[in-house]
Amino acid sequence: MATSLKWVVGTAFVSIGAGAAWAQDAPWGLPPGCSTIAPEVDWLYNFIFVITGLVFVGVEALLLYFCVKYRRRPGGKPGYSHGSKLAEAIWTVSPALVLLFIALVQLPTWAKAKIDFPDPTTDKDVVVVQVLAERFKWSFRYPGRDDKFFGPAQDIRKADDAAELDDVILRDFKLPLGAKAVMPIRSIDVIHSFSIFNMRVKQDAVPGLRNRVWFQPTGFYVAPVARSSLWVNPEQKFEPTSKPAWNDWEFIDSMQKYAEKYGSKSVAVETSPSIGFSGGAFRPMSQQAVVTVYRNDEILEKRPVAEAEYVIVPYQVACMELCGQGHYTMVSSLTVLPPKVYQHWYEARMKEREEFALQDDLLNVWKLWRD
Amino acid sequence: MSTEGHAGSAHAEPSFFRKYIWSTNHKTIGKQFLFTSFIFLGVAGFLILLVRWNLAHPGEPVPLIGKLLFGGSGAVPPEKFIFLTSMHGTLMIFFVIIPILVGAFGNFLIPLHVGTHDMAFPTLNALSYWLFWGACILIVIGIVMGFASPQDQDMAGWTLYPPLSAYAGPVMTWVLLAMIFVGFSSILGAVNYLTTIAKMRAPGLSWFRLPLTTWAQFITAVLQLLATPVLAAALTMLTFERVLGMNFFTPGGLELSGQPVGHSGGVPLLWQHIFWFYSHPAVYILVLPAMGMASDLLSVGARKAIFGYKAMVLSICAIAGLGFVVWAHHMFVSGMNPYLGMGFMISTMLIALPSSIKVFNWLGTLWRGQIRFDTPTLNAISFVAMFVIGGLSGIYMAATPVDIHLHDTYYIVAHFHYVVFGGSLFAVFGAVFFWFPKMFGRMMNETLGKIHWFLSFFFFNSAFFIMHVVGLAGHPRRYASIAFLEQTLGHMQWMNRMITYSAICLGLAQLVLIFNFFWSVFKGKKAEPNPWQANTLEWTVPSPAPEHNYHVVPTVHHGPYEYGAGNGKDWMSQVESAGAAPSSERH
């Protein structure tokens, strides 16, 4: 017992040390984890990797060794044995202990991910963003000026005059650095699955079911903008690259670090529709495109795309549950922004809502939201 | 249920039609299942190669056959993708693996292994095959419709999750009806297997003298009898929802493409619970018979008794029992209560235990053996090697927080292909070689067999191992291409191409098997009664096995694994009553 415990603890210790390197050593491991839950998930992954790796190497090596050692020889005689109770007891009890340990060690992480949600009423860091899935699009709702979602379901269904709706509804979503996102999830047609790879987030959107998910991003990537324009047709072909793009990008996990590295640089704070990703880099979609640029703590709107030296990288959001023929196109994004930029962006979206009514396609699907 | 009056040679030779087509003989029905499933193995493999082509070269024409199949430029249209991948899964599970393992080898081997003339209910057995034929006709209609019609091809994956499956095109109804037929075929087969094994064992053949192949078939039949009716109920509910407008799985207030859906009051998760309550045991239906056959092949190949026979039997029983309480581990991110997820996580960890016991016992069987590297043994050893990988990768998914990331990615695809292809199908390859002489009276060609084994083993691994890597990065299942996820996954495209090229080679390698099979049926070396020097009862009769198996009902004196007992030769048939016969009990 003592030996096996020592072995388990020792393995755990080794895996903690080697953890980050293995889990996120792209292209062979997990994509970079950029949320508070990610290190725990990745540690667990690494821990299981060590254990299963040892068993894998051990069993396959033994199998190979037996195949060589006990190959048929002329005149050879096989041993006669129906088994050994002791050996069987050993290889029943030891995997049982290891499996039990894995079962117990993961419980706190699971609870953190799916059970212990931060409370929006008491936790000031919480940003509630509702997610609605339809074939084959995502949309996201912020509460808007009154800081309240549009009241009970009946009200929004009666909202014939779309102008009275102050909620901000968009096809992608943004969060301020440091925020905890609490996201109720609904679907209006079939089952979808809301997934953000880098956040280690996945939750099905099931019609008729009130699902939700929460996570806290730890930072964002800043990438240089390539000067050559985007030319490929994203519907059809793309140019594969040999290494993950984020290997060349800088991860920013605090505003101090951001100020040191990019404070005086021209950083575009949103991509679509001005800047697209192709051939391993972000490129202007056209020379006429305009972007919002963050430089010297100032936010400059509608600047020519040529001005942007860097861009804040959005995290990709994908549908992971088969939802029909366009399933593979059901992709959106989350952009984590410096808090000041986020406030500016949110203010602009609320103002936009005051001036222009919500588009019919969005209003019509959001009338189906059920609280 | 006496077996005394059935000494076969007294019967007149039946007509060609009675003998080969409308037969009630278990061996003929087994071969019929084998041929039918092999045809669908080819079809399902071909469908997935089209899918793989589009993943490697999105929007590019399929070489040679693209224009013929899809018209236009010859590229796989994105809207065909779901049809192709759903049909691949449905065919492979319900029309290939289950019918080969249970229908073909169960039918062929059970009466031979228990020492009787035929199944307990031969007519019911024939009915089971002809119901399967009904299913084949229905699914072929579905396949043809899917290729022919642009509107009708929508499907919902092999898991058929509603509401998508409730809305999907007419192909879906044909598939549902086909699966209902397969289900009834399975249930009838299971009744037959259970009765035959329980009541018709030869004198002296106690439960713990049964070969593991037959033990696995027995437990599989229990699983089928208990689980398949649940699937049949679910399929019937879904069919009624689609055809008769009933409501089980679709809640109210939904809209599809702007149109209100005329359903209300259903619950989508209900389907997932019912479906996986069947389909998780079905995963074990897909592998338990393969485990049984691989055990026998290993023991014969290594000239060693099975290490821990009783532990092997008990672990089959444990897998089957626990298999009924792990189903919701497919639903960790579905919105099911997360506390429920914890319970299913623990039961899932438990079920890894009997599988690991089996692996260690297979190693123990090889230990101190005299391993003969003929084709059946090579395939059986490959089964163990691949099943280890499939089993270990399952632990990642059982760990709920890791599953959040891995769920519905290619990691899952890699995992279950290591179990079902690397495991079950390699055991099937071995079993086809091993029992071919008893089926057709001739030997398959060893050289071609080894070439086929090597090519399959090599290309299987180069296709599927790398899927773990793309899955870890997040590559979703059932995506027509990753063009829209280029920022996250673009650097994996070379791996996608490598998988595709390997899969094509893997498909081509099966031509060697097909050639070897048919060439050997007609031109193979004539087989002796017992070419492998094996102990079980089927090797005491001539090859091929005669119409009614045994002239005289055999009397069994000991267990099936008395190899290397030191009686002058390294094997001892179950019917030998050598005075110094060791006890079949474990030491």
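From a predicted model like this one, the values you see are computed outputs, not experimental measurements. Chains are numbered independently. Their residues run from 1 in the order of the written sequence. Written order determines the labels here, with chains lettered from A and ligands numbered from 1. The model is predicted, so local features are restricted to residues of pLDDT at least 70 and side-chain atom pairs to those at 80 or more, both for listing and for counting; the totals for chains, interfaces and linings are taken over all residues.

**A closer look at the overall build of chain B**
Stage number 1. Here a strand is any run of E in DSSP of at least two residues, a helix any run of H or I of at least four, and the numbering for each starts at the N terminus. A tally of helices and strands in chain B yields 18 helices and 2 strands.
Stage number 2. The atom set for the radius of gyration is the C-alpha atoms, and the globule formula is 2.2 Å times the number of residues raised to the power 0.38. Since a compact globule built from 587 residues should have a radius of gyration of about 25 Å, the 24 Å found for chain B is in line with a globular shape.
Stage number 3. Along the first, second and third principal axes, the C-alpha set of chain B runs to 80 × 55 × 45 Å.
Stage number 4. Exposure is read from a count of other C-beta atoms within 10 Å of each residue's own; the residue is exposed at 12 or fewer, buried at 20 or more and partly exposed in between. C-beta atoms are placed from the backbone. Buried positions account for 62% of the 587 residues belonging to chain B.
Stage number 5. Of all intrachain contacts in chain B linking residues separated by at least 6 positions in sequence, the fraction that spans at least 24 positions is 81%. By the criterion used throughout, residues are in contact when their C-beta atoms, derived from the backbone, lie within 7 Å.

**Observations concerning the interface of chain B and chain A**
How big an interface is tends to be reported as the loss of accessible area on association of its parts.
Stage number 1. Opposite the 96 residues of chain B that make contact, chain A presents 90 residues.
Stage number 2. It is helix α12 (residues 338–366) of chain B that provides the largest number of residues to the side of chain B that touches chain A, a total of 15 residues.
Stage number 3. Polar here means any residue other than Ala, Val, Leu, Ile, Met, Phe, Trp, Tyr, Cys and Pro, which are nonpolar, and Asp, Glu, Lys and Arg, which are charged; Gly is therefore polar. Tallied by class, the residues present in the side of chain B that touches chain A amount to 59 nonpolar, 25 polar and 12 charged.

**Notes on the pairing of strand β13 (residues 275–278) of chain A**
Residues and elements named next belong to chain A.
Stage number 1. By the alternation rule, side chains of β13 split into Ile 275 and Phe 277 and Gly 276 and Ser 278, which are all buried.
Stage number 2. When DSSP locates at least two bridges between a pair of strands, those strands are taken to pair. Relative to strand β14 (residues 281–284), β13 is paired through 4 bridges, and the arrangement is antiparallel. When the bridges of β14 are listed, Gly 276 appears paired with Arg 283.
Stage number 3. Between β13 and β14, which follow one another and run antiparallel, lie 2 residues, and Gly 279 among them has a positive phi close to 60 degrees.

**Thoughts on the nonpolar core**
Stage number 1. Counting 309 residues, the largest nonpolar core has Ile 48 and Val 311 of chain A together with Leu 286 and Ala 294 of chain B as the members making the most contacts within it.
Stage number 2. With 23 residues, helix α4 (residues 78–114) of chain B is the single largest residue contributor to this core.
Stage number 3. An automatic or database domain assignment supplies the residue ranges for each domain. Counting residues domain by domain, this core receives three or more from each of domain 1 (2–114) and domain 2 (220–317) of chain A.
Stage number 4. Ile 48 of chain A has contacts with Ile 102 of chain A together with Ile 395, Tyr 396, Ala 399 and Val 402 of chain B, leaving out every residue within four places of it along the chain. Each nonpolar core comprises buried Ala, Val, Leu, Ile, Met, Phe, Trp, Tyr and Cys residues, the members being joined through C-beta atoms within 7 Å.

**Some points on the sheet that holds strand β12 (residues 267–268) of chain A**
All names here are of chain A.
Stage number 1. As summarised here, the arrangement of the 6 strands in space is β11-β10-β17-β12-β15-β16, forming an open sheet in which the pairing is mixed. Across the chains shown, the open sheet's two edge strands, defined by having one partner strand only, are β11 (250–252) and β16 (298–304).
Stage number 2. Where β12 meets strand β17 (residues 310–312), 2 bridges bridge the pair, whose relative direction is parallel. Looking at β17, one finds that Ala 268 is bridged to Val 311.
Stage number 3. Along the sheet, helix α6 (residues 255–262) contacts β10 (220–224), β11, β12 and β17; its crossing angle with β11, the most-contacted strand, is approximately 140 degrees. Between N-to-C directions, angles cover 0 to 180 degrees, with each direction set by a line fitted to C-alpha atoms, over the stretch in contact for helices.

**A look at helix α15 (residues 410–440) of chain B**
All names here are of chain B.
Stage number 1. Note on bend: the value at a residue is the angle between axes fitted to the seven residues ending there and to the seven starting there. Roughly 40 degrees is the biggest bend found in α15, and it falls at Phe 434, with proline Pro 437 one to four residues downstream.
Stage number 2. Across the 31 residues that make up α15, a large majority, 29, are buried.
Stage number 3. Once α15 finishes, Gly 441 follows within two positions and takes phi at roughly 75 degrees, a positive value.

**Brief notes about the sheet that holds strand β8 (residues 201–205) of chain A**
Residues and elements named next belong to chain A.
Stage number 1. Pairing is mixed across the open sheet formed by 5 strands, whose spatial order is β5-β19-β18-β7-β8. With one partner strand each, in any of the chains shown, β5 (173–176) and β8 form the two edges of the open sheet. Across the sheet, the axes of successive neighbouring strands diverge by a mean angle of 20 degrees, strand direction being ignored.
Stage number 2. Summarising the sheet, strand β18 (residues 315–319) and strand β19 (residues 331–337) pair through 4 bridges and their orientation is antiparallel. For Gln 316, the partnering residue across the bridge sits in β19 and is Ser 333.
Stage number 3. Those strands touched by helix α7 (residues 339–355) are β5 and β19, and its axis lies near 135 degrees from that of β5.

**A look at the packing of helix α8 (residues 212–243) of chain B against helix α9 (residues 268–285) of chain B**
Residue and element names in this part refer to chain B.
Stage number 1. Contact geometry for α8 and α9: axes closest at 9 Å, N-to-C directions at 155 degrees. Between α8 and α9, the angle falls in the class roughly antiparallel. Regarding α8 and α9, the two cross each other, and that crossing is left-handed. Between α8 and α9, the residues in contact are Thr 220, Leu 223, Gln 224, Ala 227, Thr 228, Val 230, Leu 231 and Ala 234 and Trp 271, Ile 274, Phe 275, Phe 277, Tyr 278, Pro 281, Ala 282, Tyr 284 and Ile 285, respectively.
Stage number 2. A class-by-class count of the residues in the contact of α8 with α9 yields 14 nonpolar, 3 polar and no charged. Should an angle lie under 35 degrees it is considered roughly parallel, over 145 roughly antiparallel, and from 65 to 115 roughly perpendicular; all remaining angles are considered oblique. Crossings are classed by handedness, with left-handed meaning an anticlockwise turn of the near helix from the far one by less than a right angle and right-handed meaning a clockwise turn.

**Examining the packing of helix α10 (residues 288–302) of chain B against α15 of chain B**
Residues and elements named next belong to chain B.
Stage number 1. Relative orientation of the contacting elements α10 and α15 amounts to 50 degrees, with a least axis distance of 9 Å. With respect to α15, the axis of α10 lies oblique. α15 is crossed by α10, and the crossing has left-handed handedness. Each of Ala 290, Met 293, Ala 294 and Leu 297 in α10 lies in contact with α15, whose residues at this interface are Gly 423, Ser 424, Ala 427, Val 428, Gly 430, Ala 431 and Phe 434.

**Considerations on the confidence of the model for chain A**
Low pLDDT means the predicted atomic positions in that stretch should not be read closely.
Stage number 1. The predictor's confidence in any single residue is recorded as pLDDT, a number from 0 to 100. When pLDDT is averaged along chain A, the result is 85; 86% of the residues meet or exceed 70.
Stage number 2. Contacts for the low-pLDDT stretch residues 1–21 of chain A, under 50 throughout, to residues beyond four places or in other chains number 16 contacts.

**A short note on the environment of Pro 284 of chain A**
All names here are of chain A.
Stage number 1. By secondary structure assignment, the location of Pro 284 is in strand β14.
Stage number 2. For Pro 284, a count of 23 C-beta atoms within 10 Å gives the class buried.
Stage number 3. In this structure the C-alpha to C-alpha distance between Pro 284 and Pro 273, which are 11 residues apart in sequence, comes to 9.1 Å.

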